[in-house]
Amino acid sequence: MSKVLKNGWTVAALVMLCLMTSSCKMTVSLTGGTIDARAKTVAITTFPNNASLVNPTLSQSFTTALKDKIQGQTPLTIVGSNGDYELEGEITGYTVSPVAIQGNETAAMNRLTITVRVRFTNKFDENQNFDQSFSRYADYSSSQNLSSVESSLVATISDALTDDIFNKAFVNW
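Below: a short report on this structure. (Residues numbered from 1 in each chain as written. Predicted model: local features only at pLDDT ≥ 70, side-chain atom pairs only at ≥ 80, totals over all residues. Heavy atoms only, no water.)

**What about the overall build of the protein chain?**
Phase 1: On a plain count of helices and strands, the protein chain comes out with three helices and seven strands.
Phase 2: The order of α-helices and β-strands along the protein chain, N terminus first, is α-β-β-β-α-β-β-β-β-α.
Phase 3: Here the protein chain holds 173 residues, and 36% of them are scored as buried.
Phase 4: Pairs at least 24 apart in sequence give 64% of the contacts found in the protein chain among residues at least 6 apart.
Phase 5: Element-wise, carbon and sulfur atoms account for 54% of the exposed surface of the protein chain, whose accessible area totals about 10100 Å². (Helix = DSSP H or I, 4+ residues; strand = E, 2+ residues; numbered from the N terminus. Buried < 20%, exposed > 50% of the residue type's maximum accessible area, 1.4 Å probe, protein only. Contact = heavy atoms within 4.5 Å. Areas by Shrake-Rupley, 256 points an atom, 1.4 Å probe, with all protein chains shown as cover.)

So this is what it looks like as structure tokens:
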């Protein structure tokens, strides 16, 4: 308990120090991330689905999930273009593959994998810019039809991808 209190006081002291010091360039977020104090906006373009197998709703649902994550975890305002931070990219992979092959050479499980290429631009610190692919998957029973579980799998994978992208862009993990 004392360690939690000590860490709480450390964060509180850091926030107070930043508020009292006009030269402080970073704002501490409750999520553990850092946002430049000068940053007010983030531009997020729609991520087109350029995968060979296309889910017609994935582009919009993924982009919305990314916007919701950033809007819910930062004080930044989402703008159409020319943001202090910019996120753009495309969905490059949407694949279903068998996993957990059984003795009779049938798959007990299938895996849906989504890959997204992301380009992040930080107007204030170009050392934080990146161009990287992120990939996540979810498994489902081969006795299930993909269309019956697809929307929940896509939501689960999108949540994991947006966490990864957020952490890379704003938490520097």
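**Brief notes about the sheet that holds strand β6 (residues 107–122)**
Phase 1: Ordered in space as β4-β3-β5-β6-β7, the five strands form an open sheet in which the pairing is mixed. At either margin of the open sheet sits one strand with a lone partner, and together these are β4 (77–79) and β7 (130–141). This sheet shows a mean twist of 30° between the axes of neighbouring strands, independent of strand direction.
Phase 2: With 15 bridges joining them, strand β5 (residues 85–101) and β6 adopt antiparallel strand pairing. Along β6, the bridge assignment pairs Leu87 with Phe120.
Phase 3: Docked against the sheet, helix α2 (residues 58–73) engages β3 (41–44), β4, β5 and β6, running at close to 120° with respect to β5.
Phase 4: Packed onto the sheet, helix α3 (residues 146–171) meets β5, β6 and β7 and runs at close to 150° relative to β7. (Pairing = 2+ DSSP bridges. Axes fitted to C-alpha atoms, helices over the stretch in contact; angles between N-to-C directions.)

**What about α2?**
Residues three or four positions apart in an α-helix share a direction because the helix packs 3.6 residues into each turn.
Phase 1: The first and last C-alpha atoms of α2 sit 22 Å apart over 16 residues, in line with the 22 Å expected at 1.5 Å per residue.
Phase 2: The set of residues buried in α2 consists of Leu58, Ser59, Phe62, Thr63, Ala65, Leu66 and Ile70. Seen from one end, α2 has its buried residues packed into an arc of 155°, which puts them on one side.
Phase 3: Packing partners of the buried residues in α2 comprise β3, β5, β6 and α3. (Expected span 1.5 Å × (residues − 1). Arc of directions from axis to C-beta.)

Everything listed here is a matter of coordinates, which is why it stays silent on function.
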